[in-house]
Amino acid sequence: MAVSEQVLATGQQLDTLSINTIRTLAIDAVQQANSGHPGAPMGLAPVTYCLWQEFLRYDPADPTWLNRDRFVLSNGHASMLLYAMLYLAEVRRVDKQGKVLKELAVPMEEIKRFRQLGSVTPGHPESHITSGIETTTGPLGQGVGNSLGMAIASRWLAANFNRPGFEIFDFNVYAMCSDGDLMEGIGGEAASLAGHLKLSNLCWMYDHNHITLDGPANWSFSEDVATRFIGYGWNVTRVADANDLEMLARAFRVFRDTKDRPTLIIVDSHIGYGSPHKQDTNAAHGEPLGEEEVRLVKKFYGWPEDAKFLVPDGVRENFRDGIGKRGRELHAKWSDLFAGYTQKYPDLAERLSQMQHHELPAGWDKNLPTFPADAKGVATRESSGKVLNVVAQNVPWLIGGSADLATSNKTTLKFEGAGGDFEAATPAGRNLHFGVREHVMGASVNGLNVSGIRAFGATFFNFSDYMRASIRLAALMECPSIFIFTHDSIGLGEDGPTHQPIEQLASLRAMPNLIVLRPGDANEVTEAWKIIMQLQSSPVALVLTRQNLPTLDRTKYAPASGVAKGAYVLADSGGKPDVILMATGSEVSLCVEAYEKLKAEGIKPRVVSMPSWEIFEQQDAAYKDSVLPADVTARVSVEMAATFGWARYTGLKGRNVGMHRFGASAPLKDLLKYFGFTVDTVVKEAHAAMSQS
């Protein structure tokens, strides 16, 4: 049926009209922007339409509904598919305070501004910019990794909040994915762990279109995906034609009826469907079709060839009668249930409200440990484990785990009521076991955090490189994920340079909107956790030692509360200092020892502990100058890492004690002497700095 006939479509005709509206909106937006990926939305429009119209439990009038199903577009280059759905389903915008507004999250004018500066329709979906987008995707594999965390969140929330007669949580998670998502190692990690955990609330829709950006997928990808996923413990079903709505619906029903494992729906699709010259080619992947090809495609669809951004009569009404009506009714039924739940379980309802609004419960910081002065001291991984267990007792929705290193990272929650381990049979547990899967640990921690749970993941600092894409996306989407990294320097000793992080501190400090915290003793660890728990829109990297550090005498030196400002004067001689010694982490106590030796020489040194450069930079100029006076140019930085970046604080005349090569395998005492992390070296460099100032 030609749209130009303006005959009111019904039934299958209306389905086809709606699907082609999704396709043409994507085509027109990409063409107008002269940039984008039209092919995937053209092929996948029927899949998304069927899911949203018939199965997705989602209320467009309130995209913050706690028990909504989650839809993740892991192949984020197909962003116009999602933007078209948000527009046609009339999903509402949510402001920064979480209030649902009357205006659309993606109005037509924003579709017309696809990929333009300041639009809510960027090249890849960004959840902090556009309401209705559950998570920021783009780098392939990240979205399916997020979906794992969301599915874990659904299980955990149900186990901890549902009560007899009150099934408050049972949402499903749907992720659209591509060949690239399954080729990336993170995709395999996510699938493996999801199968192990038997997450039957997780459904991936695999766009099997035989094409990658470079050309045919079989140039690089010929494995039997179905057999692979069966081996992971998934239920696998197949739809031979992406345009077959009946078979798509059957596949979604199979997922819904499967109760013991996740489901993979392999959908055979045609990239660039309907394009006479570009269908089933990589030419439909990452560039506009071109004006002439657009006309030919629209002719194939029975569309007015010169019409742009056309939404025919009946299409909006179709979505209102489909996902709009069904979502509204399901939400209303749930709201009635939740009203009764609130009356019967007010404490649990209040807890959910706090989680949704990123609030902390009263007394969240009670009983936090204060550590007595101790020359022998304790490793910051040890003190962090103690603080973490107290914080987690006070904040019942703080959960997390490690990449098979919990005993080394000291991240196991051991207090009574922690619920033990999260496993398929025990979903109320707060200890997650990610296995040796750092990549997906990072992504799933993000998925948990965007689901309202405060989650952490832990590993050795050197392996933060494996998690970098997830850390970066957490920073980009303003998600307060907690990344705990232990074994933070050459302090590992005998494990050697393969495990000794050198450049990681400088690398993570370069990342916008990431807070890096490297506390210098046990009491700085306590203060660091106070900062971490109050973060709402920034992730954090907490960097901790394996080796013991002296617990500083706070009656002699400044209180650790100075950590709240990122850097503070720890030890001072009074008046204008002759030299400033700066350090983070394990090197702070080294500077304190050098300070005492310099004082004995009649020099007036100052020690500045700088656990977080990022927080220090947020302070006003007066405070920063009070810590690092501009007229004191004799400065020395001490850090068992690359010195890159320290010139910002030491200046051109300053001295930098750090690592200028990879580490070595040897006992720690030998490494410290060999690489110059000694009191004598710091004192020597202090004298050199003073002579140059």
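Everything below is about the structure printed above this text.
From a predicted model like this one, the values you see are computed outputs, not experimental measurements.

(A) Seen up close, the packing of aromatic side chains. Summed over the entire model, instances satisfying the criterion amount to 31 aromatic pairs. Considering the side-chain rings of Phe161 and Phe169, the 6.2 Å spacing of their centres and the 65° angle between planes classify their relative orientation as edge-to-face. Grouping residues by exposure puts Phe161 and Phe169 together as buried. Here Phe229 and Trp234 contribute two aromatic rings whose centre-to-centre distance is 5.1 Å and whose plane-to-plane angle is 85°, an arrangement assigned as edge-to-face. Trp234 carries the same exposure label as Phe229, and that label is buried. Taken together, the ring pairs connect Trp65, Phe166, Trp334, Phe338, Tyr341 and Tyr345 into an aromatic cluster. Taking NZ or CZ as reference, Lys565 lies 4.5 Å from the ring centre of Tyr623, over its face.

(B) Expanded view of a positive patch on the surface. Positive charge collects at one region of the surface, where Arg250, Arg253, Arg256 and Lys259 lie side by side. Summarising the element assignment, Lys259 is placed in the loop between helix H9 (245-257) and strand E7 (263-268).

(C) Examining the pairing of strand E9 (residues 398-402) more closely. The buried count for E9 comes to five of five residues, which makes it a mostly enclosed element. Side chains of E9 alternate between two faces, with Leu398, Gly400 and Ser402 and Ile399 and Gly401 buried alike. When E9 meets strand E11 (residues 454-460), the two strands line up parallel, connected through five bridges. Bridged to Ser402 within E11 is Ala458. Direction of pairing for E9 relative to strand E10 (residues 431-433): parallel, over a ladder of three bridges. For Ser402, the partnering residue across the bridge sits in E10 and is His433.

Quick notes on the rules
Residues numbered from 1 in each chain as written. Predicted model: local features only at pLDDT ≥ 70, side-chain atom pairs only at ≥ 80, totals over all residues. Heavy atoms only, no water. Phe/Tyr/Trp six-rings, centres within 6.5 Å; stacked < 30°, edge-to-face > 60°. Buried < 20%, exposed > 50% of the residue type's maximum accessible area, 1.4 Å probe, protein only. Lys NZ or Arg CZ within 6 Å of the ring centre and 35° of its normal. Patch = residues over 30% accessible without salt bridge, like charges linked within 9 Å, V, L, I, M, F, W, Y side chains within 5 Å. Areas by Shrake-Rupley, 256 points an atom, 1.4 Å probe, with all protein chains shown as cover. Salt bridge = Lys/Arg side-chain N within 4 Å of Asp/Glu carboxyl O. Lys, Arg positive; Asp, Glu negative; His and termini not counted. Charge placed at Lys NZ, Arg CZ, Asp CG, Glu CD. Helix = DSSP H or I, 4+ residues; strand = E, 2+ residues; numbered from the N terminus. Pairing = 2+ DSSP bridges.

Fair warning: the whole summary comes from geometry, so function is off the table for now.
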